[in-house]
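# Structural description and commentary
Given next are the chains, with one letter for each unit.
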Amino acid sequence: MITKLIEKKIEKIAARYPDRRSALLPAFHLVQRESGGFVGHDHLIAIAKIIGVPVSEAYGVQTYYTMFRREPVGKYHLQVDTNIPAMLAGAEEIVTHLEQALGIQVGQTTPDKKFTLSTVECLASCGTCPVIQVNDRYYESMTKERTDALLASLRRDKMPDMPVETHFHTECNVLLARRGLPNATDIDVYLETGGFQGLERALQMSPAEVIAEVKASNIRGRGGAGFPAGVKWGFLAKDTGKPIYLVCNADEGEPGTFKDRQIMQYDPHLLIEGIVISGYAIEASLGFIYIRGEFAWIANILERALEQARNKGFLGKNILGSGFDFDIVVHLGAGAYVCGEETALIESLEGKRGNPRLKPPFPAVIGLYGSPTIVNNVETLASIPFIVERGAKAFMEFGEANNFGPKIFGISGHVNRPGVYEYPLGTPLATLLDAAGGVVGQLKAVIVGGLSVPILTAQEAEGLVMSYDDCLKKGTMLGSGGIMVLNETASIPKVALRAIRFYAHESCGQCTPCRQGSRTISELLAGIVAGRGTRKDIDLVLKLCDSIKGTTLCPTGEAFAVPIEAMVTKFRSEFESLVS
């Protein structure tokens with residue numbers, strides 16, 4: 001049962017939203033955290049009653065998201081990321097080591113109920129893999145020795161501090177300017193280093209003037225699609241009589257991508273300032289940060305920063321005496337890659353299953369709660385303070401025509417210094433790889449924009465410039481800027497199998513080509529990798545990829561059909577060497 005205290009907490013959460021149904025996911029998170037790591041049927045009934053939704057709908061929401069559990073787990077739930085960056089870093093060996101050390105298999109709990117072992121999808125720790133998430137805490141750069149030390153401490157019921165070395169560098173000093181500063185999450189440090197000057201300037205301008213400045217900068221959305229942010233703002237429906245909402249997409253779930261985490265974890269006030277300026281520009285009074293559920297600890301950093309901003313007058317009522325009211329709600333997702341798509345994110349924020357909507361209408365016309373809504377990525381919004389404070393021309397000094405501004409590139413895989421590197425758009429890939437310490441061994445292939453973009457052979461990657469336009473010319477996409485480097489030891493068939501298993505796991509199931517196609521391709525590739533396949537199976541994989549493209553509500557179908565097709569086509573000889 002749910003205690004009166006928890007019920008009061010749920011009511012307090014519900015009061016933050018224009019529609020109390022939005023509190024459904026936060027309520028599940030709260031009850032799961034307070035009830036031993038799961039939400040049982042009695043809990044489900046009680047939550048549905050408090051929120052005011054049918055039990056069947058609450059059940060549908062609970063069972064959609066992978067983070068909500070209906071059965072108890074051990075006191076310490078060990079979840080190992082096994083996606084491609086982690087696989088390249090040796091995560092499979094860590095899983096085997098944990099199985100041996102704990103005497104259980106993946107999916108099992110030790111007899112004393114102390115440990116449950118699971119494997120999970122990408123945790124956005126691509127530069128610090130292998131990573132083990134223990135309950136809500138990350139333990140990164142794990143070796144067998146560090147894993148043994150972690151287990152020894154947990155057996156003593158102590159969550160240890162295990163510092164990890166991270167690699168980063170900035171050539172632009174915009175998005176990672178405070179990355180190495182002590183106490184950079186504190187508002188006083190942010191103010192001492194020039195923070196909130198962009199907001200002060202914005203409040204001296206009209207909303208239309210702010211939008212014009214952003215349009216003039218030609219900043220393209222950093223979430224993956226590269227659509228001009230200022231143009232997107234201009235699509236907002238006017239004079240509807242409904243409130244306007246701003247949503248920050250912090251659901252960083254694309255394998256190989258870990259850029260947004262850097263901003264939220266190390267410079268949260270930069271994001272907050274960007275959201276407030278953007279909210280002023282589009283004349284919204286409420287914004288949301290939809291952050292992936294695995295980032296609960298980063299959500300705590302954001303909550304603390306938001307409270308500091310309110311106390312200093314940068315958030316809330318009458319901001320800096322301007323008459324502008326604006327506040328921000330942090331909203332935790334719960335493990336659904338598809339919620340990175342803006343309409344699925346909106347559905348989830350409304351307390352529903354994260355199924356993408358049919359477009360049009362687009363969110364700028366009918367979005368959150370049926371109102372005009374802008375959804376922007378973390379990195380996009382974090383760029384806004386610089387544009388407003390320094391001006392569009394200063395922003396355009398970074399990069400090249402149609403590809404302006406700084407960009408965070410997350411580099412993982414077979415490099416000596418995996419990490420995050422802020423460089424202007426249009427920087428050669430070779431320069432970025434040198435910044436990451438160079439390739440370990442001989443370069444075989446590279447995926448430059450997160451898992452959803454076509455792979456490039458080493459030869460194709462020669463001379464590549466990391467811009468939206470040049471990547472397209474090379475037959476791939478810049479995407480999120482998540483660069484995964486593969487050397488001669490990498491098996492492309494195994495990479496392809498791991499990729500399609502991710503998409504089969506993450507498909508929302510709404511569209512048949514995505515739901516069934518991803519599973520069928522997964523089965524075919526599994527047979528090929530195991531030596532049970534035929535050349536006809538390879539042809540069938542390519543045929544399925546071709547037929548799936550362009551047939552789904554959201555980009556997920558395309559997101560696996562395009563890269564799998566590229567892997568099989570460009571490295572077909574590797575696949576053929578495994579079949580009869």
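Above this note sits the structure.
What comes next is a walk through the structure. As the structure is a prediction and not an experimental result, all values here were calculated from the model. (Residues numbered from 1 in each chain as written. Predicted model: local features only at pLDDT ≥ 70, side-chain atom pairs only at ≥ 80, totals over all residues. Heavy atoms only, no water.)

## A short note on the overall build of the protein
Scanning the protein from N- to C-terminus turns up 25 helices and 18 strands. The globule rule puts the C-alpha radius of gyration for 580 residues at 25 Å, and the 23 Å found for the protein is close to it. The buried share of the protein, taken over its 580 residues, is 61%. Approximately 22100 Å² of the protein is accessible, and the part contributed by carbon and sulfur atoms is 51%. Counting 59 positive and 64 negative side-chain charges, the protein places the averaged centre of each group 4 Å from the other. (Helix = DSSP H or I, 4+ residues; strand = E, 2+ residues; numbered from the N terminus. Rg over C-alpha atoms; globule rule 2.2 N^0.38 Å. Buried < 20%, exposed > 50% of the residue type's maximum accessible area, 1.4 Å probe, protein only. Areas by Shrake-Rupley, 256 points an atom, 1.4 Å probe, with all protein chains shown as cover. Lys, Arg positive; Asp, Glu negative; His and termini not counted. Charge placed at Lys NZ, Arg CZ, Asp CG, Glu CD.)

## Considerations on the packing of helix H10 (residues 207-217) against helix H13 (residues 268-282)
The interhelical angle for the contact between H10 and H13, taken along N-to-C directions, is 115 degrees, at an axis separation of 7 Å. Here H10 and H13 pass one another in a crossing that is left-handed. Here Pro207, Val210 and Ile211 of H10 come into contact with H13, specifically with Ile277, Tyr280 and Ala281. Residue composition of the contact of H10 with H13, by class: six nonpolar, no polar and no charged. (Axes fitted to C-alpha atoms, helices over the stretch in contact; angles between N-to-C directions. Left-handed = near helix turned anticlockwise from the far one by under 90°. Contact = heavy atoms within 4.5 Å. Nonpolar A, V, L, I, M, F, W, Y, C, P; charged D, E, K, R; others polar.)

## Some remarks on a nonpolar patch on the surface
On the surface, Phe227, Val231 and Phe235 cluster together to form a nonpolar patch covering roughly 270 Å² of accessible area. As for its placement among the helices and strands, Phe235 is situated in the loop between helix H11 (229-234) and strand E6 (245-250). (Patch = residues over 30% accessible without salt bridge, like charges linked within 9 Å, V, L, I, M, F, W, Y side chains within 5 Å. Salt bridge = Lys/Arg side-chain N within 4 Å of Asp/Glu carboxyl O.)

## Quick notes on the nonpolar core
With 75 residues, the main nonpolar core has Leu271, Ile289, Ile291 and Phe326 as its most contacted residues. A domain-level breakdown of this core finds at least three residues from each of domain 2 (76-155) and domain 3 (169-396). Other than its neighbours up to four places away in sequence, Phe326 contacts Leu246, Ile275, Val276, Gly279, Ala284, Ser285, Leu286, Gly287, Leu315, Gly316 and Ile319. Core analysis: the next-biggest nonpolar cluster, separate from the first, contains 45 residues, Ile51, Phe68, Leu368 and Cys508 among them. (Core = buried A, V, L, I, M, F, W, Y, C linked by side-chain atoms within 4.5 Å. Domains from an automatic or database assignment.)

## With respect to the packing of helix H2 (residues 24-34) against helix H3 (residues 41-51)
Their axes nearest at 11 Å, the elements H2 and H3 cross at an angle of 140 degrees. For the crossing formed where H2 meets H3, the hand is right-handed. Of the residues in H3, those in contact with Leu24, Ala27, Phe28 and Val31 of H2 are His43, Leu44, Ile47 and Ile51. For the contact of H2 with H3, the residue count by class is seven nonpolar, one polar and no charged.

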